[in-house]
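Descriptive structure summary
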Amino acid sequence: MLSRDIYTMTEASGIVEERSSVLRYWEDELCLHIARNQRGHRYYTEKDIEVLFCIKELKKKGHQLKEIKEVIPMMYGDAFSKEEEERKEEFYRILDKLMQELQKKNQQEERYKRVDEAIRQHQLARRQVAATQENTKKKKQKV
């Protein structure tokens, strides 16, 4: 795929077709371990660039960074150690399935949170009604 061992930020940005600021943001948010030279400049390996392409593809499919972060270790694993296209495709299918399951789980958790909040609001409203009725009852007893 690529012809060299390491690439500068500018080169990696051009290869992946993303702004440098996006690559830095992904590095921070996804806890990517991008190597640096003696002067502190980032340099990207072929593996890093493959992972960046994966991240970009997952973002295109609508996955959130917090979901992507959970599968980053698999991206740096043996799944890309060989350049066999069949393995890559199988990895992408499995990764996509995992991401869909994770997204479904997150949606379910959000739904539960909304239900809990609705119950809390209903309970609060009932307490307020009960307090109002109690105050009204006391006022009537005083008169």
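Quick summary incoming for the structure in this document. (Residues numbered from 1 in each chain as written. Predicted model: local features only at pLDDT ≥ 70, side-chain atom pairs only at ≥ 80, totals over all residues. Heavy atoms only, no water.)

1. Re the side chain of Asp96
Condition: The secondary structure listing takes helices from DSSP runs of H or I that are at least 4 residues long and strands from runs of E that are at least 2 residues long, numbered from the N terminus. Any residue under 20% of the maximum accessible area for its type is buried, any over 50% is exposed, and the rest in between are partly exposed; the area is computed with a 1.4 Å probe on protein chains only. Residues scored as positive are Lys and Arg, those scored as negative are Asp and Glu, and His as well as the terminal groups of each chain are ignored. Any carboxyl oxygen of Asp or Glu within 4 Å of a side-chain nitrogen of Lys or Arg constitutes a salt bridge here.
For Asp96, the position within the fold is in helix H6 (residues 85-142). There is no salt bridge for the buried Asp96, and the closest opposite charge comes from Lys61, which lies 4.0 Å off by N-O distance.

2. Examining a nonpolar patch on the surface
Here is the rule we go by: Only residues above 30% relative accessible area that lack a salt bridge enter a patch, with like-charged residues linked at up to 9 Å and the nonpolar side chains Val, Leu, Ile, Met, Phe, Trp and Tyr linked at up to 5 Å. Residue burial considers only the protein chains on display, and all accessible areas are found by Shrake-Rupley using a 1.4 Å probe.
A cluster of nonpolar side chains, contributed by Met74, Ile94 and Leu98, occupies part of the molecular surface with about 230 Å² of accessible area. Relative to the helices and strands, Leu98 is located in helix H6.

3. A word on helix H2 (residues 20-29)
Heads up, the condition is: An arc is given here, and it is the one of the directions from the helix axis to the C-beta atoms.
Of the residues making up H2, those classed as buried are Val22, Leu23, Trp26 and Glu27. Projected down its long axis, H2 shows its buried positions confined to an angular sector of 140°, all on one face.

4. Here's the deal with the pairing of strand S3 (residues 42-45)
Applied cut-off: Here, any two strands with at least 2 DSSP bridges between them count as paired.
With burial as the criterion, only one face of S3 is covered, namely that bearing Arg42 and Tyr44; the residues Tyr43 and Thr45 on the opposite face remain uncovered. By the bridge criterion, three bridges tie strand S1 (residues 6-8) to S3 in an arrangement that is antiparallel. In the strand pairing of S3, Thr8 is matched with Tyr43. As paired strands, strand S2 (residues 35-36) and S3 are joined by two bridges and run antiparallel to one another. Residue pairing across strands places Arg36 opposite Arg42, the latter belonging to S3. Between S2 and the antiparallel strand that follows it, S3, lie five residues; Gly40 among them carries a positive phi value of about 90°.

5. Focus on the side chain of His63
In plain terms, the rule: By definition in these notes, contact holds between two residues if any of their heavy atoms fall within 4.5 Å.
In this fold, His63 is placed in the loop between helix H3 (46-60) and helix H4 (65-69). Judged by relative accessible area, His63 falls into the buried class, the value being 3%. In this structure His63 touches Leu58, Ile68, Asp96, Met99, Gln100 and Gln103, once residues within four positions along its chain are discounted.

Functional significance is not addressed by these values, which are geometric in nature.
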